[in-house]
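So you can see what is in the structure, the chains are spelled out below.
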Amino acid sequence: MQRAIEFKFLTEKFSINPPKLFIKINWHKPPRGWFKLNVDANFNNYNQNCSLGDVFRNANGNWVVGFTKSTHVNGSLAAELKALREGVRIATKWKLFPLEIETNCTKVVNALVEGYTPAHLPAGEYDCSSTSKKVSKYG
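What you see is a predicted model, and the numbers here were worked out from it, not measured in a lab. All residue numbers refer to positions counted from 1 along the written sequence of the respective chain. Under the rules for a predicted model, residues below a pLDDT of 70 receive no local features and side-chain atom pairs below 80 are neither given nor counted, while totals for whole chains, interfaces and linings still include all residues. Hydrogens are left out, water is left out, and the side-chain values use all remaining heavy atoms of the structure.

K.L.:
Please clarify how the pattern of salt bridges should be interpreted in this entry.
P.N.:
Pairs may arise between side chains of opposite charge once their charged atoms sit close together. Salt bridge, as used here, is a side-chain nitrogen of Lys or Arg placed within 4 Å of a carboxyl oxygen of Asp or Glu. Across all of its chains, the model carries three salt bridges by this definition. One salt bridge in this structure joins Glu102 and Lys36, with 2.9 Å as the shortest N-O distance. Placement of the pair is Glu102 in strand β4 (residues 99-103) and Lys36 in strand β1 (residues 35-44), with a sequence separation of 66 residues. The shortest N-O distance in the salt bridge between Arg89 and Glu86 comes to 2.5 Å. Remark: Glu86 and Arg89 occur in helix α2 (residues 76-94); sequence separation between them is three residues, near one turn of the helix. Remark: exposure states derive from per-residue accessible area (1.4 Å probe, protein chains only) relative to the maximum for the residue type, with buried under 20%, exposed over 50%, and partly exposed in between. Under the relative-accessibility criterion, Glu86 is labelled buried at 17%. Through salt bridges with shared partners, a single ionic network connects Lys36, Glu100 and Glu102. Numbered from the N terminus, helices here are DSSP runs of H or I no shorter than four residues, and strands are runs of E no shorter than two.

So this is what it looks like as structure tokens:
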């Protein structure tokens, strides 16, 4: 029986290219007179490297400013928070307010809304209470 299964496995024709799956993704413009900050980060647990990326767009959906950066952090949440903090720093410098922020990290949203710093992160570098104050001051 084992040889029959092996024969079937070796002689079956497999498709090298899997079928394509199309997913419609929508990005929504910020309200008139506002800017939108899209924040993202990725983290490599093996070497603690992360990549940060932020994009600012105006109410017409046009790119205003953005950045990418490689750095080291101690986790994926720390990477997302660092990307957010850098975005708010740029928004303050460029006066990009009122500002709508979009992220795919629920923990970052909760930290920003509740104004807390997760216990395992150094308070000075990832403090969400100061970030939420800066954002709410303008929005």
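K.L.:
Looking at this structure, I do not really get the environment of Gly66. What am I missing?
P.N.:
Position of Gly66 among the secondary structure elements: in strand β3 (residues 63-72). Under the relative-accessibility criterion, Gly66 is labelled partly exposed at 29%. Once residues lying within four places of it in the same chain are set aside, the contact partners of Gly66 are Asp54 and Val55. Residues are treated as being in contact if the distance between any of their heavy atoms lies within 4.5 Å.

K.L.:
Sorry if this is basic, but what is going on with the pairing of β3 here?
P.N.:
Looking along a regular strand, one sees the side chains alternate between the two faces of the sheet. For two strands to be treated as a pair, DSSP must find no fewer than two bridges joining them. Where strand β2 (residues 49-57) lies against β3, nine bridges are found, and the strand directions are antiparallel. Counted as the bridge partner of Asn49 is His72 from β3.

K.L.:
I'm lost on unusual backbone geometry in this one. Help?
P.N.:
Most peptide bonds are trans, and most residues other than glycine sit at a negative phi. Here the bond from Phe97 into Pro98 is cis, since omega is -5 degrees, no more than 30 degrees from zero. Despite not being glycine, Gln48 shows a phi value in the positive range, around 65 degrees. By the secondary structure assignment, Gln48 is in the loop between β1 and β2. The phi torsion at Lys95 lies on the positive side, around 55 degrees, for a residue other than glycine. Mapping Lys95 onto the fold places it in the loop between α2 and β4.

K.L.:
Teacher, can you tell me more about the side chain of Thr71 here?
P.N.:
Within the secondary structure, Thr71 sits in strand β3. Relative accessible area serves as the criterion here: at 16%, Thr71 is assigned to the buried category. Excluding its chain neighbours within four sequence positions, the residues that come into contact with Thr71 are Gln48, Asn49, Cys50, Leu52 and Lys82.

The quantities given are spatial measurements derived from coordinates; they are silent on function.
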